Amino acid sequence: MNFRSMDEFWGFYMSQHSKPSTRRWHFAGTLMGIMLSIYGLVFNWWVILLVPLIGYGLAWYSHFFVEGNVPATFGHPIWSFLCDCKMFGLMLTGQMDKEIKRLALRVLSWLTFFAGLILVVKRLLLTVVSMFFDVSMRVMVLWKNELDYQDL
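Here is a short report on the structure shown in this document.

In terms of nonpolar packing, the biggest core is built from eleven residues, these being Phe3, Phe9, Trp10, Tyr13, Met14, Ala72, Cys83, Met87, Leu90, Met96 and Leu103. Elements supplying a minimum of two residues to this core: α1 (6–15), α4 (77–92) and α5 (96–151). Per-element tally for this core: the top contributor is α1, with four residues. Apart from residues lying up to four places away in sequence, Met96 is in contact with Met14, Arg23, Met87, Leu90 and Met91.

As structure tokens, this is what we get:
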């Protein structure tokens, strides 16, 4: 999939993290990654090598065994990392539920739009079909009248 903006990718990213437990595993992985980074910078820089293993390990576990999908990191590593940071920030500030509802409303508005579009196309097709049958019936009546006239 190609995404033209971070906002487009954010919607996809959140669809891949639909279960609260998946988001919690990501939060734990990101938090552990931050804590290990700080520890590594202050005490032992070798610990920094564990950051991707622990951070991504917990997140990927949630995708494979909780959510049942493939991590978005495989296809879009940079945007996935940025969205993970955004999700972490929203969870840290308690705004994640509000964002989930906002995204659900956005999806719902698209579904409403497409449902309306389908109804318009359906009505248009019904109008065209009824016009076709109306014209067909008029032609048949005229043709029958023509035949009746020729019989006289």
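From this point on, the discussion continues.
With that settled, consider the pattern of salt bridges. Pairs can form between side chains of opposite charge whenever their charged atoms are close. Across all of its chains, the model carries two salt bridges by this definition. Its salt-bridge partner being Glu99, residue Arg102 comes within 2.7 Å of it at the nearest N-O pair. With Arg102 and Glu99 both in helix α5, this residue pair falls three residues apart, about one helical turn. In this structure Glu99 comes out as buried when scored by relative accessible area, which is 11%.

How each quantity is defined
Residues numbered from 1 in each chain as written. Predicted model: local features only at pLDDT ≥ 70, side-chain atom pairs only at ≥ 80, totals over all residues. Heavy atoms only, no water. Core = buried A, V, L, I, M, F, W, Y, C linked by side-chain atoms within 4.5 Å. Buried < 20%, exposed > 50% of the residue type's maximum accessible area, 1.4 Å probe, protein only. Helix = DSSP H or I, 4+ residues; strand = E, 2+ residues; numbered from the N terminus. Contact = heavy atoms within 4.5 Å. Salt bridge = Lys/Arg side-chain N within 4 Å of Asp/Glu carboxyl O.

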